[in-house]
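# Secondary and tertiary structure notes
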Amino acid sequence: MNMKKAIVAISLALTSLCLNAQAQPASSFKPGEIWPDNNGVHINAHGGGLLYHDGSYYWYGEHKIAGVAGNKAEVGVHVYSSNDLYNWTDRGIALKVEGDDSDIAKGCILERPKVIYNPKTKKFVMWFHLELKGKKYDSARSGVATADTPEGPFTFIRSQRHNAGHWPQNVQPEQKDPESIKLTLAENNKFGGGPSKKHAKFNILGSHFEGGQMARDMNLFVDDDGTAYHIYSSEHNSTLHISQLSEDFLSHTGHYTRNFPFRWMEAPAVFKHDGKYYLIASGCTGWKPNAARSAVADNILGPWTELKNPCTGTNPSNKLGAAKTFGGQSTYVLPVHGKKDAYIAMFDQWNPKDAIDGRYLWLPINFTADGFEIPWISEWDLSHFDK
Ligand code: DGJ
């Protein structure tokens, strides 16, 4: 073999080695590492949520753009599918941003999309946090879209604040006081979405009674009886609302509760285990990680009892432990289909300067006598739950 032929043969062998390496299916979770899809591209589904339907998992999340800071929606909601949770196939954009006269105009803020299936209407229903284009985080709305198949395309229906004209089940008499409502309305534009003592002095709930309650970070939960709930940071992020959805999952019934007043919880994720409802959430520090929260309730609408920070251990790649949720922020909890007591807690490790390089921290939930724990494990697989 002459030199030229030898070089060609070596390059062919190397290429085939690389291709083989790429084609190797994944068989474990490696939290925080690049997670290639079927095309070898890092999965682009941030602030995501999962749906199990007809034997497949679907992962919906915010499609981010390389090198772009912040959170402007330039493309829409990306969807991937998988049969084993390790290997994901790119199914494209499930919900596309629209033209300038739409509420979901290109350049709006569209966060934390979640999809549930309604067996009565046979529709896949997506809810997401929406901030209208050019209005920063002032709109505090949710958007809803539906599709006939899990991959979409989803059709945008509308965006709104919630439960206008309805008081929560656990309303306090002072929240109905017209004087405090007037005072707060006069103050309203001066509130921010971050913790301050000022918020507690005003009647934020009452001031949004007529126009509908604010909604930012959010999640969905479908109970065993088929009733769906929308869980969202409300009242300028200071208080979490949990609201029942209508039978078609497309609107709010006016049946809702205020939870964790002035605990500033974002990133809520609810799951049910052995008849009890559990919640994971974060504090309110923008893109920066903080300590995870957890809570338990006998009824999804509360009352909720706060438990300890469930995280244990340290993420060796950034040296962050429980105090900073390993560098992540919760986005969803997945009950693994067909496996008893198997729940995966999902967190985003945001990268606000290069949003597309955000990483995913998927970790197992271990149930304990007084609640649950989420241990850091650098590599694990579903056999973890067989122990
Ligand atoms: C934290 C939220 O959880 C994210 O979804 C996003 O809204 C950022 N704040 C924006 O600062």
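Residues numbered from 1 in each chain as written. Predicted model: local features only at pLDDT ≥ 70, side-chain atom pairs only at ≥ 80, totals over all residues. Heavy atoms only, no water.

## Overview of the pattern of salt bridges
- Evaluation of the coordinates by the stated rule reveals 20 salt bridges.
- Its salt-bridge partner being Lys-308, residue Glu-373 comes within 3.3 Å of it at the nearest N-O pair. Note that Glu-373 is positioned in strand E23 (residues 371-375) and Lys-308 in the loop between strand E17 (304-307) and strand E18 (311-312), a separation of 65 residues in sequence.
- Owing to a relative accessible area of 25%, Glu-373 belongs among the partly exposed residues under this scheme.
- Taken together, the shared-partner salt bridges connect Glu-187, Lys-190 and Lys-198 into one network. (Salt bridge = Lys/Arg side-chain N within 4 Å of Asp/Glu carboxyl O. Helix = DSSP H or I, 4+ residues; strand = E, 2+ residues; numbered from the N terminus. Buried < 20%, exposed > 50% of the residue type's maximum accessible area, 1.4 Å probe, protein only.)

## Focus on the environment of Glu-247
- Tracing the sequence through the fold places Glu-247 in the loop between strand E12 (239-245) and strand E13 (252-259).
- Sequence separation between Glu-247 and Trp-88 is 159 residues, and the spatial gap between their C-alpha atoms is 31 Å.
- If sequence neighbours within four positions are ignored, Glu-247 has contacts with Asn-118 and Lys-120. (Contact = heavy atoms within 4.5 Å.)

## Focus on the packing of aromatic side chains
- In this structure the tally under the stated criterion is 29 aromatic pairs.
- Ring centres of Trp-88 and Trp-362 lie 6.2 Å apart, and the angle between their planes is 80°; this geometry places the pair in the edge-to-face category. Of the two residues, Trp-88 is situated in the loop between strand E4 (76-82) and strand E5 (89-96) and Trp-362 in strand E21 (residues 359-364); the sequence distance between them amounts to 274 residues.
- Residue Trp-362 is classed as buried on the basis of its relative accessible area of 2%.
- Seen from their ring centres, Trp-287 and Trp-350 are 4.9 Å apart, and the 70° between their planes marks the pair as edge-to-face. Highlighted residues: Trp-287 in the loop between strand E15 (276-282) and strand E16 (293-297) and Trp-350 in the loop between strand E20 (343-349) and E21, separated in sequence by 63 residues.
- Trp-350 gets classed as buried once you look at its relative accessible area, which sits at 14%.
- Joined through ring pairs, the aromatic side chains of Phe-29, Trp-35, Trp-59, Tyr-80, Tyr-86, Trp-88, Tyr-360, Trp-362, Trp-380 and Phe-385 make up one cluster.
- Across the ring face of Phe-191, the terminal group of Lys-198 is positioned such that the distance to the ring centre comes to 5.2 Å. (Phe/Tyr/Trp six-rings, centres within 6.5 Å; stacked < 30°, edge-to-face > 60°. Lys NZ or Arg CZ within 6 Å of the ring centre and 35° of its normal.)

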